[in-house]
Amino acid sequence: MRGLCRDCCAEVPGTVASCPTCRGRRLVRHAELFTLSVAHVDCDAFYASVEKRDRPELAARPVIVGGGRRGVVSAACYVARTRGVRSATPMFKALAACPDAVVIKPDMAKYVAVARRIRGLMEALTPLLQPLSIDEAVMDLRGTEALHRAPPAIVLARFAQDVERAVGVTISIGLAPNRLLAKLTAERDKPRGFAVLGAGEARDWLAPQPVTLLPGVGPALARRLEAAGFTRLGQLGALEAREAARRFGEDGPVLAARARGEDSRPVDPSRETKSISAETTFEADITALDALERPLWRMCERLGRRLREKELAAAGVVLKLKTAGFALRTRNARLPSPTTLPETLFAAARPLLAREADGTAFRLIGIGAQPLAPAAEADRGDLADPDAPRRAARWQAVEALRARFGEDAVVQGRGLKPPR
Amino acid sequence: MKITVERAILLKALAHVQSVVERRNTIPILANVLIAAQDGVLRLTATDMEIALVEEVAGIEVERPGRTTAPAATLYEIVRKLPEGAKVQLDHGGGDAPLALRAGRFHTSLSVLPVEDFPSMTEGKLPHRFALGAGQLRDMVDRTRFAISTEETRYYLNGIYLHVADSDGARVLRAVATDGHRLARMQVEPVPEGASGMPGVIVPRKTVNEVRKLAEETQDEIAVRLSDTKIRFDIGTVQLTSKLIDGTFPEYERVIPRGNDKVLTVDKQQFAEAVGRVAAISSERSRPVKLSIDRNHLMLSAASPEQGQAQEELDDGAVTYESSPLEIGFQARYLNDITDQITDKVEFRFADGSAPTVVQDAGKPEALYVLMPMRV
């Protein structure tokens, strides 16, 4: 089986144990290696790697980026990860597990600049590039072979080296036939990885994996799947489309297809994550402002949670309303500083809602975060609002309780209906 | 109504009142000025429903008393363009007849709107009353208004918080403004007579700016009257009544650091100029200027990825600093907004490179500023 050498980026014959050109032993072999074109690129422990790059004396030390006023880990280097420190671990726990860690406050401006350089290198490879977050992107190198005079696998190996040399951080690459498999594959070989998953083996590889492996299957959906007897992707993938729809609603067929490793989403350069939102359609149309505030509050809670899950924050909000006559109204407001807190989202959206609640009957309300900001910039508090970090900590506690005891474990009063 | 008034007198009064009229207006009557003449007194009123400004001019020839409303901006423009020393005659036949304006050989007729439609804002009791010197009021405004926030979500920051507070055991009248990044606090001691029982009120930015303009023209005492919802200033011949911002100002005392013990004193002139020069390297307003401070030595620096970097050193003579070395960054404009209010020596009190910093005029302890640092 032909392969490639990740050290000199040359093609190697099927039999050798080390590269005939450079003697390197980091060889990648796969039957579909030179035909696959979709690559998921993920920077390894990104913030921590950037800090280690800038302070080489820390190379062997456990480095945690985070803390400051938020009190959670934003990124942990691989040394710290061996001690059990992960992103979003509360700082006190992280330091208990790893007392000798070097804690560095996040410097978002620096990380954004580094991410831009890496993105610049990607843009030179293909126009089909879709950034997914500050340190993750997916690209499709289909049709670039003549341009680069090399198949995508070799172009990617060179790219990984260029990033190490020019930027000073390492990346992991997943090469596969589609976006879903590329993402899952990139996770398999980290850090500094290069993993390949072919179309021929995808279904067999997925079958024994837990359903939670699929992006989009969070704790709530996982509980639903489990209750229905689906714990492994093989079981889910065996469902026919009609049956999947019957059991799990309109998203069911897509879920079953993903469980088989099928994903038809193209790499779309225009589809960077630009907004995250939450919306709900009412059972009966609602007109009164105070009655609209209750679902708005619940959507603010949901939006806050989605933002935290994606490690993003809202720098502004969009209120979305649909009238009983299906007319859409959207209204925007900019936030003074990024937030993930439901009450801050609500405080920004409520005046927008008050202006629209003019006697019109509405059938749907939604709230979105736009523009987005990195989570590290959220709820740091300022001179006019010194308590924001405490409120953020309180929300984390509420969500921890909800994750453990269910959605209704802790409910804020304004989400409830008043007694009649 | 028929009156004759000197152009200069009418122009000055119109200039005052028309400045509260919003240029873009959805309610037509708010674009008009209410003109009333009686017993030798001309009374002009304009409002935007938040602020009402009334000016009374005495010693006017009133041939026939009466009232009407006419477009404020147009009337002001016309009077402004009349020759100096002109006598202006305003003649209104009543009802919706146009207002005739004559000056020399110039004649115009302006359409009017009914007086009954003109909103009144001056009603309601204002139980608290005190007086401030014009200079005192100017000081309070100048030292705080730059920190007023323009953000809509925290509307309660869109003004100056005027209230009575305890300051080291003494009662003071305080003005405070903050936009979250900086805070400005100015106080007057002792509390003016009549103010001690007043509620804390938030005076909107537009009102602050109008009052400041009017206070420029007088050296007299300014009478202030207020309730929970309104405030009135009597400044010379002008009476300005404004609604207050209905909200709760944050508990700002908690964010003023008490224990900052690293004290830097620096010559204002040299510091302000150095900040300006160093900051010029970057067109981005939010870029920080870095202060690297060592024993009696201060280096200011700024860098921009596109344009390069700049630095300037200040030392003995201009700088006094005895504590451990420190690096800290601030937005240049925020530094300059504060130094603009300082006459001679700027005193910084730091805790460390990332904590809020206190800035004061070394010779004027009644004003205090707090600045949030930026990462550098």
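Details of the structure are given in the entry above.
All values derive from a computational prediction rather than experimental measurement.

(A) Expanded view of the overall build of chain A. A tally of regular secondary structure across chain A gives 15 helices and 16 strands. Considering chain A as a whole, with its 420 residues, one finds that 48% of them fall into the buried category. Contacts in chain A between residues at least 24 apart in sequence constitute 61% of all its contacts with a sequence separation of at least 6. Accessible area of chain A: about 20200 Å², with a carbon and sulfur share of 50%.

(B) Structural context of the sheet that holds strand 19 (residues 288-294) of chain B. All names here are of chain B. If you walk across this open sheet you meet the four strands as 21-20-19-23, and the pairing is antiparallel. Unpaired on one side and paired on the other, strand 21 (308-315) and strand 23 (326-331) mark the two borders of the sheet. Across the sheet, the mean angle from the axis of one strand to that of its neighbour is 20°, orientation sign disregarded. Looking at chain direction, strand 19 and strand 23 are connected through six bridges and run antiparallel. Pairing of Ile293 across the sheet is with Leu326, part of strand 23. Packed on one face of the sheet, helix 6 (residues 332-339) meets strand 19 and strand 23 and runs near 85° to strand 23.

(C) Region of the structure containing the state of the cysteines. All names here are of chain A. With the rule as written, the count across this model stands at zero disulfides over all chains. Summary of cysteine pairing: Cys9 is not part of a disulfide, and the nearest cysteine sulfur, belonging to Cys8, is at 6.7 Å. Among the residues examined, Cys9 registers a relative accessible area of 9% and is labelled buried.

(D) Structural view of the pattern of salt bridges. Residues and elements named next belong to chain B. In total, this model carries 56 salt bridges over all chains according to the counting rule given. The closest approach of N and O atoms between Glu56 and Arg43, which form a salt bridge, is 2.6 Å. With Glu56 in strand 4 (residues 51-58) and Arg43 in strand 3 (residues 41-47), this pair connects stretches of sequence that are 13 residues apart. For Glu56, a relative accessible area of 36% corresponds to the partly exposed category.

(E) Representation of the nonpolar core. In terms of nonpolar packing, the biggest core is built from 103 residues, with Phe271(B), Leu291(B), Leu298(B) and Leu300(B) touching the most fellow members. The contact partners of Phe271(B), leaving out residues within four places of it in the chain, are Val266(B), Leu291(B), Leu298(B), Leu300(B), Leu314(B), Leu335(B), Thr339(B) and Phe348(B). With 58 residues, the next largest nonpolar core counts Ala48(A), Ile64(A), Ala115(A) and Leu141(A) among its residues.

(F) Highlighting a positive patch on the surface. Residues and elements named next belong to chain A. Together, Arg298, Arg302, Arg306 and Lys310 line one region of the surface with positive charge. Counting through the fold element by element, Lys310 comes out in the loop between helix 13 (289-309) and strand 13 (312-323). Taking relative accessible area as the criterion, Lys310 reaches 53% and is therefore assigned exposed.

(G) Here's a closer look at the interface of chain A and chain B. Each partner contributes residues to the interface: chain A has 15 residues there, and chain B has 18 residues. Carbon and sulfur atoms supply 56% of the area that chain A and chain B bury against each other, a total of about 1300 Å² over both sides. The largest contributions to the chain A side of the interface with chain B come from Pro336(A), Leu383(A) and Ala384(A), which together make up 50% of the buried area. Joining chain A to chain B, the criterion identifies two salt bridges. We note a salt bridge from Asp387(A) to Arg254(B), for which the minimum N-O separation is 2.7 Å.

Scoring rules and cut-offs
Residues numbered from 1 in each chain as written. Chains lettered and ligands numbered in written order. Predicted model: local features only at pLDDT ≥ 70, side-chain atom pairs only at ≥ 80, totals over all residues. Heavy atoms only, no water. Helix = DSSP H or I, 4+ residues; strand = E, 2+ residues; numbered from the N terminus. Buried < 20%, exposed > 50% of the residue type's maximum accessible area, 1.4 Å probe, protein only. Contact = heavy atoms within 4.5 Å. Areas by Shrake-Rupley, 256 points an atom, 1.4 Å probe, with all protein chains shown as cover. Pairing = 2+ DSSP bridges. Axes fitted to C-alpha atoms, helices over the stretch in contact; angles between N-to-C directions. Disulfide = S-S within 2.5 Å. Salt bridge = Lys/Arg side-chain N within 4 Å of Asp/Glu carboxyl O. Core = buried A, V, L, I, M, F, W, Y, C linked by side-chain atoms within 4.5 Å. Patch = residues over 30% accessible without salt bridge, like charges linked within 9 Å, V, L, I, M, F, W, Y side chains within 5 Å. Lys, Arg positive; Asp, Glu negative; His and termini not counted. Charge placed at Lys NZ, Arg CZ, Asp CG, Glu CD. Buried area = accessible area lost by both parts, 1.4 Å probe.

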